[in-house]
Amino acid sequence: FQNRLGELNMRSSDEYIGYSGFGLIADKRKTDGLKGGPTEAVPELFVDLYDDSQPRSFAAIQRYLTETKDRCDRLRAKTSVSAGSIACHQITCLIQAVFTMRIPIPKPQAAPTEEKSSLEEDPSRKSTCPFANATPTNDERMAALKAIHGLLIHYIAATLSTNLDRADEAARAVTSMAILAVFDAVVRMRTTVPDGKKDEKSSGEAKTKKKNTHDVVARLLCGTKVDAASIAGTKGVKGYSICLTSFQGYQLRRISDRMLFTDPHILDTRHRVFDYFERMPFSKSPALFSWKPEPPRGGLFSGQYKQPTFQVQEDDTTMKFVKELLDQCGLMYTLPPRKKRGRVAGHVRGAQNPDAMTDLERQSRWIMGEAFDQAPEVLLLRDVIFLHRLILEPAALLKIGNAPFRSVSLWYLSQATPKWDFHDCNRDGTVSLLRVAICNEKHNIKFAPGYAQKSPASLSLLGTRNDADEDAVLQKTELQRFGDTLSEEESERLMTYLTTPYLAIPLVLEFFAKQRVGALLNPWLRDIFESVLFEPRAYVSDSFNKIDKIPVESKQRDPLLGTSHGVLMREAKNAPRSLLGPLAKIVSQTLELCIGDYTSTFATLLMRIIRITYFILSFVRHARQCHKTPKDSTENRILRLLGPNGATAILHRWLVESETAGDVERSTEMHSHLALLHAIRGTIEKEESSQDMVSTKTVSDLCCSSAFVLSWHSEAKSAKFVIQHLSDKKRAGQAIPLLPVPLHDVFLIYEKSRADICHCAQKADSAMLDQLLGRVASVSLQRANPGEMAEVQWRGWASVASKPLICSKVVESSHPYKPLTDYYETVRFPGTPYISIYFDEKCATEEYSDFVTIYKDESCTSFWGKERKFSGPAAGEWPGAGGRP
């Protein structure tokens, strides 16, 4: 206490009167490392995610982003009393839907210094882009930037808390880049000049003495005539771009050609985002925050002390930008507010004296700071670029190389927020060492050396060169036979198809349609099949390239045959029958093989074919909506094969068997694929309905299967599947294939169908609502099969808007509790229909000796729950703790 008298402005002769909590007031240590995400004592268990608005003005977009951020905050708060994985999947799908289907991607605009340009002459480009002519206030722009920044932190925390396959990684990368594009467009926007600053130019003397900090970041990024030459060092380059590459230097345009895209909306977003960044006036300008990470040094002892992440030179582009920014703000010879965590790591020479520092050190301290009142958007830009670059790194490889990432099952927002520090600077002021940490402030981030995950359809994995042609395959003396699944002739034919990637889709479909469906039981062949279908190959813009020579040389193949929306979308647009014809044969042959019970390997095959069919039909329908292609009659045949007398009936039969056997894992897998079938049926009903509505039966079926997956998704064992794949030496280097249970697809279907579900509930009377919601509850609790109409067990469903007051009470023992003592406490909530009890994650007792019992009444003769005694360590099965039911 004596050491703190000076800090508290107290004289040593003052009498100290102790009181409860004095230590908390006197303690100045920062507690950010101890906090989790936003939580509350009794969080709101219902979060209204329904919003079918399509914002088209900047003011509407800003409100929509703020409301979405608030929804994500409330979803995250639910993790304190419910399964965190549910909220993470909901947040992931909500943000993905917002930035790929609802918020318009900005279109490239002309630089503000250009008097005329081709972009300005296109009236449609300006009129349709809400970011083009909007002039918001600075408060509105900052509210939008903070909302985008918060949504990206939510997104990376949610995705790192779940298990991702190839398709999820692709959607994650494109969604992140869409977020970055919206942020870039907003941060470059000019705002209205506040009334107080309009009078600052009244005299020439005021112009020379006072710095104009209004829109200083936007002016520097866009490169006005005054700023461009001094920042970039050349009059030919104006403004700045932002870094779009991963930490290993890979651009999304380069690595996305072998990613797996199963959603046409993601491919459409990819095209619009690439168009924005490549056609904007600053696409060739120097990139900000393009720092290359330094690998941690010290061998086995590298994790015992903090090390710098980046080594930045004096002539670095970002440091030039910061220098000009400080000069514009009049802060060149000042220091940022000191961080509340106390002394930072590394060199502290002259930490409070800016005159004792070099220019580079002052600039480094500002850009690594926590506050920049004159230009707060630059710190948000720093975080957004870092998180986007982190998302471009494969999540599985990040977890392999960073032990703290693997140990965290549910990421808090504080863990997903980057922590920046100035580490050190050499005495000459030519090199600055900067540090950033995530997940654990003491951990030194490690990045995998290179993009190691290859496509399963890569020819290099099959024993030949990636650019091999048909002759090279025919001359091979030994071919990959996939464990004798294929003959040498069949293997040779398949590999020759793979040498023509832009023609391979109809060829490979027809190959397996010729009585080779059983070969898809081989995991590698199945992954090759999916890779051929859903890898978009090289991206090119919409420009048409003339082909003068056939066959096209391998070096000219990508620029001449590449597409803007993927090879599958091109087939769906121009030749849908080449897809649907062999696909119908594959579905029909698979159904003929399904004569066993639910444990049969053909059950797994059928569910995989259902998923592939769902993805292909989504591409065909998207092409029909966007390009007005006619509907092919073969699609109706596929729908009949998947309908109530086909695949749906088989899955219902298997569900009865699996639930009778108590196999929840298998039931979850089947319900997830039933949800895909119901989504297909719902889409067809909307197309054929004059009112664009889905039937109540389809909504009920979709809700039943989705509710079951939501309730029992923890049984999917996705983490176990990922670990098994990464440890399989035979498939080393291959990307993680599709997970057995498509959890992300089910949650995304529910997100897309939310409007249809709400409309169905609004038009239903009380009896129909009881029937619908009672059936959903019965199926999710395994009290009824979705193929049967169960008896209504719950009645009187009411809107959440009229829900009663939720009361709560915290029962807590002394810490530690007293030995050899029985403690009783009565809890009453008069008039309530039920009471929910949740144990804290820290609850622990001596196992078998000390216990907690929930008695029904004061007689203490009957109890609630399956067991009379709850006891054991904190990692035990305490109900409600750790997301358990």
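What you see is a predicted model, and the numbers here were worked out from it, not measured in a lab. (Residues numbered from 1 in each chain as written. Predicted model: local features only at pLDDT ≥ 70, side-chain atom pairs only at ≥ 80, totals over all residues. Heavy atoms only, no water.)

Quick look at the overall build of the protein chain
Phase 1: If you tally the helices and strands in the protein chain, you get 34 helices and 5 strands.
Phase 2: Residues counted as buried form 51% of the 885 residues belonging to the protein chain.
Phase 3: Of the accessible surface of the protein chain, which amounts to about 43,100 Å², a share of 51% is contributed by carbon and sulfur atoms. (Helix = DSSP H or I, 4+ residues; strand = E, 2+ residues; numbered from the N terminus. Buried < 20%, exposed > 50% of the residue type's maximum accessible area, 1.4 Å probe, protein only. Areas by Shrake-Rupley, 256 points an atom, 1.4 Å probe, with all protein chains shown as cover.)

Side note on the packing of helix H5 (residues 138-160) against helix H6 (residues 166-187)
Phase 1: Contact geometry of H5 with H6 gives a least axis separation of 10 Å together with a crossing angle of 165°. Taken together, the axes of H5 and H6 are roughly antiparallel relative to one another. Helix-helix and strand crossings are classified by hand; for H5 and H6 the assignment is left-handed. Across the interface between the two elements, Arg141, Ala144, Leu145, Ile148, Leu152, Tyr155, Ile156, Thr159 and Leu160 of H5 pack against Ala171, Arg172, Thr175, Ser176, Ile179, Val182, Phe183, Val186 and Val187 of H6.
Phase 2: Grouping the constituent residues of the contact of H5 with H6 by class yields 13 nonpolar, 3 polar and 2 charged. (Axes fitted to C-alpha atoms, helices over the stretch in contact; angles between N-to-C directions. Parallel < 35°, antiparallel > 145°, perpendicular 65-115°, else oblique. Left-handed = near helix turned anticlockwise from the far one by under 90°. Contact = heavy atoms within 4.5 Å. Nonpolar A, V, L, I, M, F, W, Y, C, P; charged D, E, K, R; others polar.)

Some points on the sheet that holds strand E3 (residues 310-313)
Phase 1: Strand order in this open sheet of 3 strands is E3-E5-E4, and the pairing throughout is antiparallel. The open sheet has two edge strands with one neighbour each: E3 and strand E4 (419-425). Ignoring which end each strand starts from, the neighbouring axes of this sheet average 30° apart.
Phase 2: Pairing of E4 with strand E5 (residues 431-437), which is carried by 6 bridges, proceeds in the antiparallel orientation. (Pairing = 2+ DSSP bridges.)

A few points about the pairing of E3
Phase 1: Side chains Phe310 and Val312 of E3 all project onto a buried face; the interleaved residues Gln311 and Gln313 project onto a face where none is buried.
Phase 2: Pairing of E3 with E5 involves 4 bridges; the strand directions are antiparallel. Within the sheet, the bridge partner assigned to Phe310 lies in E5 and is Leu434.

Considerations on the pattern of salt bridges
Phase 1: For the structure shown, the criterion picks out 33 salt bridges.
Phase 2: Note that Glu530 is salt-bridged to Arg608, the shortest N-O span being 2.7 Å. One end of the pair, Glu530, is in helix H22 (residues 523-534); the other, Arg608, is in helix H26 (residues 601-627), with 78 residues separating them in the sequence. Both residues of the pair, Glu530 and Arg608, belong to the buried class.
Phase 3: Across the pair Arg666 and Glu669 runs a salt bridge, and its minimum N-O distance is 3.2 Å. (Salt bridge = Lys/Arg side-chain N within 4 Å of Asp/Glu carboxyl O.)

What about helix H27 (residues 633-642)?
Phase 1: Among the residues of H27, Thr634, Glu635, Ile638, Leu639, Leu641 and Leu642 are the ones counted as buried. Projected down its long axis, H27 carries its buried residues within an arc of 160°, all on one side.
Phase 2: On the buried face of H27, the contacting elements are helix H25 (577-593), H26, helix H28 (647-660) and helix H29 (664-688). (Arc of directions from axis to C-beta.)

Looking at H28
Phase 1: Its 14 residues give H28 an end-to-end C-alpha distance of 20 Å, which sits within 8% of 20 Å, the value for a rise of 1.5 Å per residue.
Phase 2: When we look at burial in H28, the residues that qualify are Ala647, Thr648, Ile650, Leu651, His652, Trp654, Leu655, Ser658 and Glu659.
Phase 3: In this fold, the buried residues of H28 make contact with H25, H26, H27, H29 and helix H30 (696-712).
Phase 4: With its phi angle positive at about 75°, Gly662 sits one or two positions after the end of H28. (Expected span 1.5 Å × (residues − 1).)

Some points on the confidence of the model for the protein chain
Phase 1: In this model, the protein chain carries an average pLDDT of 82, and 82% of its residues clear a pLDDT of 70 or more.
Phase 2: Every residue in residues 200-210 is under pLDDT 50, and counting partners more than four places away or in other chains gives 3 contacts.
Phase 3: Ignoring residues within four places in sequence, the model shows residues 225-235, a span with pLDDT below 50, making 19 contacts including any to other chains. (pLDDT = per-residue confidence, 0-100.)

Re unusual backbone geometry
Phase 1: For the bond from His815 to Pro816, the omega torsion is -5°, close enough to zero to count as cis.
Phase 2: Note on placement: Pro816 falls in the segment after helix H34 (766-780).
Phase 3: Backbone geometry at Cys439 places phi at a positive 75°, although glycine is not the residue there.
Phase 4: Counting through the fold element by element, Cys439 comes out in the loop between E5 and helix H19 (470-474).
Phase 5: Notably, Cys860 is not glycine yet its phi reads approximately 55°, a positive angle.
Phase 6: Mapped onto the elements, Cys860 comes out in the segment after H34.

A word on the nonpolar core
Buried together is how nonpolar side chains tend to be arranged in soluble globular proteins.
Phase 1: Core analysis: the biggest nonpolar cluster contains 201 residues, and Phe321, Leu325 and Phe372 have the highest contact counts within it.
Phase 2: In terms of residue count, the dominant contributor to this core is H6 (15 residues).
Phase 3: Once you skip the residues sitting within four places of it in the chain, Phe372 turns out to touch Leu325, Leu326, Cys329, Leu331, Trp366, Val378 and Leu379. (Core = buried A, V, L, I, M, F, W, Y, C linked by side-chain atoms within 4.5 Å.)

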